[in-house]
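If you want the building blocks of each chain, they are given just below.
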Amino acid sequence: MTETLLSRALRHHTAGRPTILLVDDEPDILVALGDLLEEEYRILSSTVPEEALGLLAAEPLVSVILSDQRMPNMTGDVFLARARAVSDAEAILLTGYADLSAVVSALNDGRISGYAHKPWEPAALLSMVRQASERARMARDLRLEQMLLQGLMDGTRDGLSFKDREGRFVRINRAAAERLGAEPEACIGRTEKEIAAGRVEQAALERIARLDAAAIHSGDGGIATWCSGNGPSMRWNERLRGPLRDSDGSIALLASFERDITEQKLMEDRLRQADRMQALGTMASGVAHDFNNLLTAVLGSLELAQRAAGNDARLNRLLETAIAGAERGAALTQRLLGFSRQQDTATVPVAVNALVEAMGDLLVRSIDRRDIRFVFALQDNLPEVLVDPAQLELALLNLCINARDAMQDEGTITLRTTGADCLADEDGHVLLTGKIPEPGCVVVTVEDTGSGMTPQVAQRIFEPFFTTKEVGRGTGLGLSMVYGFIQQVGGAVRVRTAPGNGTSFQLCLPTAPVS
């Protein structure tokens, strides 16, 4: 029924002249009525009430029905009562007799908007038809507006509501009501504070009431943004307010449109992180190149000095110490170059499972902690990935060393390989760097049971020289190298962490083309 009414109202909006249905068993009467009305209206007519009902069913845009009362097969009041089942047109009864009971019946059952006696006065009848046609148009326009508004309110997942000047809801959709913990019907006539007291923080409710009152007082709406919850459950919301004015210009209602912008906020944070990392990469590249040139000169001079030192044991020891320090500096510059993607790499198809299995002994020796257990969960039949195997090994080694340092007591480090369909759900704090490779990828996960990280720390883990370890236990370049490697191969790294719940690094590596 709703679809029929909506389509009828829409067609009425696009129609030309209003349509009038004339019903009378005397053809001459139909001709006379047609002559009176045809300049302003499209005319349909019938001498048989049953046929007229068929016309109504086929012509839903009829605005006014003008029917005689005394007809042989069906009286006008009965016809108009049956017409109500198929049409919402206005109805006018014509009667040549003072039949009061017929008029009363037509009023009750046919819901006529007026009646006229035969013979009629043309100007009066034309005025009556015009008024009825205008009422039909306004009724259909109103139904259209109501259905469009209801469709908008029911069809959106965002919160939409209307309040009066005292802050009481007059209309509210289900999405907005659910955020208050109530059904839409239970919200009507009540304020937000009355509905959500005990479920929403008092301070938040008072802030909403103040902003609503300010919007009504000033006539300006505006946008308000706020967050609720903490840590993994934190949500960002945005509310747009718009005062609605009455015909005299006074503010009658306040419309509110509320939506969850948590994902938008996360994307903004990721974009800022990407911009920051790009700037750091540019800086790191310049520093690394200049430092590398200096070290080349230092190492060259030290080697020449070592040749000139001859058999002087003390001098040779000093020179060897200096050379070792310079070589460590050179290794740091290589990590910086890896972070800024300036290193030359040779990407080849690599079987991830074989690479991880071959690293088993190296990882155990490098971690060198009996209280840490390694678990390998490798999915079979994975496609090869297109990476530099040496850089992938170094990335996994760095992640495992970080996992070890995050576990003060015993714990577990899990290395897992899966397809892209096993990426972590968006629960907890998730940091995504890079773009998930298309058309496919293999995910290598390094997961620990350590202390985890706060969102503030997680945002900075890929920055060069950033570390939470004590002095002497780390350079802060391990994860920077991982970041540079991921950027270079065109993959992504996803970090899922929370304080006390460990950390999971998922390396999304692009698959090699199938030959």
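Above this text is the structure in question.
Here is a short report on the structure shown in this document. (Residues numbered from 1 in each chain as written. Predicted model: local features only at pLDDT ≥ 70, side-chain atom pairs only at ≥ 80, totals over all residues. Heavy atoms only, no water.)

1. A look at the overall build of the protein
Okay, so step 1: A tally of regular secondary structure across the protein gives 17 helices and 18 strands.
Okay, so step 2: Looking at the protein residue by residue over its 515 residues, the buried ones come to 43%.
Okay, so step 3: The contacts in the protein between residues at least 6 apart in sequence include a share of 64% that link residues at least 24 apart.
Okay, so step 4: If you sum the accessible surface of the protein, you get close to 27300 Å²; carbon and sulfur atoms cover 53% of it. (Helix = DSSP H or I, 4+ residues; strand = E, 2+ residues; numbered from the N terminus. Buried < 20%, exposed > 50% of the residue type's maximum accessible area, 1.4 Å probe, protein only. Contact = heavy atoms within 4.5 Å. Areas by Shrake-Rupley, 256 points an atom, 1.4 Å probe, with all protein chains shown as cover.)

2. Topic: the packing of aromatic side chains
Okay, so step 1: The full count for this structure, using the stated rule, is two aromatic pairs.
Okay, so step 2: Here Phe374 and Phe376 contribute two aromatic rings whose centre-to-centre distance is 6.1 Å and whose plane-to-plane angle is 15 degrees, an arrangement assigned as stacked.
Okay, so step 3: Judged by relative accessible area, which is 35%, Phe376 ranks as partly exposed.
Okay, so step 4: Here the aromatic rings of Phe462 and Tyr483 are separated by 5.7 Å at their centres, their planes lie at 40 degrees, and the arrangement is tilted. In this pair, Phe462 is assigned in the loop between α16 (455-458) and α17 (478-489) and Tyr483 in helix α17, connecting sequence segments 21 residues apart.
Okay, so step 5: Under the relative-accessibility criterion, Phe462 is labelled buried at 0%. (Phe/Tyr/Trp six-rings, centres within 6.5 Å; stacked < 30°, edge-to-face > 60°.)

3. Regarding unusual backbone geometry
Okay, so step 1: In this model, Lys118 is joined to Pro119 through a cis peptide bond whose omega is -10 degrees.
Okay, so step 2: Within the fold, Pro119 resides in the loop between β5 (114-117) and α6 (122-155).
Okay, so step 3: One non-glycine residue, Asp368, lies in positive phi territory at about 50 degrees.
Okay, so step 4: The backbone of Asn381 shows a phi angle near 60 degrees, a positive value even though the residue is not glycine.
Okay, so step 5: Summarising the element assignment, Asn381 is placed in the loop between β12 (372-378) and β13 (385-387).

4. Focus on the pairing of strand β4 (residues 90-95)
Okay, so step 1: The buried count for β4 comes to six of six residues, which makes it a mostly enclosed element.
Okay, so step 2: Pairing analysis gives five bridges linking strand β3 (residues 62-68) to β4, with the strands arranged parallel. Residue pairing across strands places Val64 opposite Glu90, the latter belonging to β4.
Okay, so step 3: With helix α4 (residues 76-83) bridging β3 and its parallel neighbour β4, the resulting β-α-β unit is right-handed.
Okay, so step 4: When β4 meets β5, the two strands line up parallel, connected through four bridges. What sits directly across from Thr95, in β5, is His117. (Pairing = 2+ DSSP bridges. Right-handed = clockwise from strand over helix to strand, strands pointing away.)

In short, shape yes, function no, at least from these values alone.
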